Amino acid sequence: DAMVIQNPRYQVTQFGKPVTLSCSQTLNHNVMYWYQQKSSQAPKLLFHYYDKDFNNEADTPDNFQSRRPNTSFCFLDIRSPGLGDAAMYLCATSSNQGATNEKLFFGSGTQLSVL
Amino acid sequence: DQQVKQNSPSLSVQEGRISILNCDYTNSMFDYFLWYKKYPAEGPTFLISISSIKDKNEDGRFTVFLNKSAKHLSLHIVPSQPGDSAVYFCAATHFNDMRFGAGTRLTVKP
């Protein structure tokens, strides 16, 4: 089945130690998103790629970076994780063709803990 | 700023009754609205949507109502089933910008 896969499911890192979260998709969608969700809060959009075009949200900290080497893969890099970065990180895709009425397909998320 | 709000963190209903989940938004640029359902340990999955040019969309037991003047939408589930127990996220979008509410945890009791 076509899907969005996030690895790992759980990630533990140390304060200040760089960490990379991975996302892959078999849907061949051109748009990929990274959301951060803290407990009982709304998923917060960090950035998205429209094909290779990177779009950063204005309030996304510089500590967060992303790479999309090809259509299928997207990575979230946290350069120096702080305790406040502990959260669920959700990757999503959409087949946006310029229309507004596109739904997102989500992965199962990576739960990041910072010790 | 929270552009999409779900003011009820939780809702409990009896099996067979109606569940009504509410959502408010502030940005009048939003022109497409969606509901997602999330089970534990899974990502959100799309449930139902509505365009801003409509006021109602129905899909089986699920109906979404949109009141543009009030910037309010609601999801009705009739009849509610225990398998509907999940967290429901409201989302609003304009092009690639999709914003979510904090979710409402629905519990349907047998």
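A brief look at the structure comes next. (Residues numbered from 1 in each chain as written. Chains lettered and ligands numbered in written order. Predicted model: local features only at pLDDT ≥ 70, side-chain atom pairs only at ≥ 80, totals over all residues. Heavy atoms only, no water.)

### Here we look at the overall build of chain A
Going by this rule: Only DSSP runs of H or I reaching four residues or more are called helices, and only runs of E reaching two or more are called strands; each is numbered from the N terminus. Here the globule rule is a power law, 2.2 Å times the number of residues to the power 0.38, and the radius of gyration is based on C-alpha atoms. Relative accessibility decides the category of a residue: with a 1.4 Å probe and only protein chains considered, values under 20% of the type maximum give buried, values over 50% give exposed, and everything between is partly exposed. Any two residues whose heavy atoms approach within 4.5 Å are treated as being in contact. Under the convention used here, a 1.4 Å probe and the Shrake-Rupley method define accessible areas, while residue burial counts only the protein chains that appear. Positive residues here are Lys and Arg, negative ones are Asp and Glu, while His and the chain termini are left out of the count. Taken as the charge location is NZ of Lys, CZ of Arg, CG of Asp or CD of Glu.
Across its full length, chain A holds zero helices and 11 strands. Overall, chain A shows an N-to-C arrangement of helices and strands of β-β-β-β-β-β-β-β-β-β-β. Here the C-alpha radius of gyration of chain A, 13 Å, is about what a compact globule of 115 residues would show, namely 13 Å. If you line up chain A on its principal axes, its C-alpha atoms span 40 × 30 × 30 Å. Split into buried and exposed, the 115 residues of chain A put 49% on the buried side. For chain A, the proportion of contacts with a sequence separation of at least 24, taken over those separated by at least 6, is 56%. Element-wise, carbon and sulfur atoms account for 49% of the exposed surface of chain A, whose accessible area totals about 5,500 Å². In chain A, 9 side chains carry a positive charge and 9 a negative one; their mean positions are 7 Å apart.

### Considering the nonpolar core
Residue and element names in this part refer to chain B. Where we set the bar: By nonpolar core we mean a set of buried residues, namely Ala, Val, Leu, Ile, Met, Phe, Trp, Tyr and Cys, connected to one another through side-chain atoms within 4.5 Å.
In terms of nonpolar packing, the biggest core is built from 23 residues, with Phe33, Trp35, Leu73, Leu75 and Tyr88 touching the most fellow members. Listing elements by their share of this core, those giving two or more residues are strand E3 (19-25), strand E4 (32-38), strand E5 (45-51), strand E7 (62-67), strand E8 (72-77), strand E9 (86-94) and strand E11 (104-109). Residues within four places of Phe33 in sequence aside, it is in contact with Tyr25, Ile48, Ser49, Ile50, Ser52, Leu66, Leu73, Ala91 and Ala92.

### Let's talk about the interface of chain A and chain B
Reports often express the size of an interface as the amount of accessible area lost when the parts come together. Threshold: For any pair of parts, buried area is found by adding up, for both, the accessible area (1.4 Å probe) each one loses once the two are put together. Definition used for salt bridges: Asp or Glu carboxyl oxygen within 4 Å of a side-chain nitrogen of Lys or Arg. Pairing of N or O atoms within 3.5 Å defines a polar contact, subject to two protein rules: one partner must be a possible hydrogen donor and the other a possible acceptor, and residues neighboring in sequence count only if both atoms are side-chain atoms. Amino acids outside the nonpolar list (Ala, Val, Leu, Ile, Met, Phe, Trp, Tyr, Cys, Pro) and the charged list (Asp, Glu, Lys, Arg) are all regarded as polar, and Gly is one of them.
Between chain A and chain B, the residue contacts involve 24 residues of the former and 21 residues of the latter. Taken together, the two surfaces of chain A and chain B that pack against each other cover about 1,700 Å², and 56% of this comes from carbon and sulfur. Taken together, the links from chain A to chain B amount to one salt bridge. A:Glu57 serves as the salt-bridge partner of B:Arg99, at 2.8 Å between the closest nitrogen and oxygen. Here chain A is connected to chain B by four residue pairs in polar contact (both at pLDDT 80 or more). Elements with a minimum of two residues in the side of chain A that touches chain B: strand E4 (31-37) and strand E5 (44-50) of chain A. Split into classes, the residues belonging to the side of chain A that touches chain B amount to 10 nonpolar, 10 polar and four charged.

### Focus on the environment of A:Asp59
Within the fold, A:Asp59 resides in the loop between strand E6 (53-56) and strand E7 (64-67). At 3.2 Å, the side chain of A:Asp59 and the side chain of A:Lys44 are in polar contact.

### Quick look at the sheet that holds E7(B)
Residues and elements named next belong to chain B. Basically, it comes down to this: Here the rule is simple: two strands pair whenever DSSP picks up at least two bridges between them.
Pairing in this open sheet of five strands is antiparallel, and the strands run E1-E3-E8-E7-E6 from one edge to the other. Whereas interior strands pair on both sides, the edge strands pair on one side only; in this sheet they are strand E1 (4-5) and strand E6 (56-59). Here two bridges tie E1 to E3, and the two strands are oriented antiparallel to one another. Within the sheet, the bridge partner assigned to Val4 lies in E3 and is Tyr25.

### Points about a nonpolar patch on the surface
Residue and element names in this part refer to chain B. Heads up, the condition is: Residues enter patches when they are more than 30% accessible in relative terms and free of salt bridges; like-charged ones are connected within 9 Å and nonpolar ones (Val, Leu, Ile, Met, Phe, Trp, Tyr) within 5 Å.
A cluster of nonpolar side chains, Ile18, Ile20 and Val78, forms an exposed patch at the surface whose accessible area comes to about 230 Å². Inspection of the secondary structure puts Val78 in the loop between E8 and E9. What makes Val78 partly exposed here is its relative accessible area of 41%.

### Side note on the pattern of salt bridges
All names here are of chain A. One pass over the full model with this rule turns up five salt bridges over all chains. Of the charged contacts, one joins Lys44 and Asp59 as a salt bridge, the two residues approaching to 3.2 Å between their closest N and O atoms. Of this pair, Lys44 sits in strand E5 while Asp59 sits in the loop between E6 and E7; the two residues are 15 residues apart in sequence, bridging distant segments of the chain.

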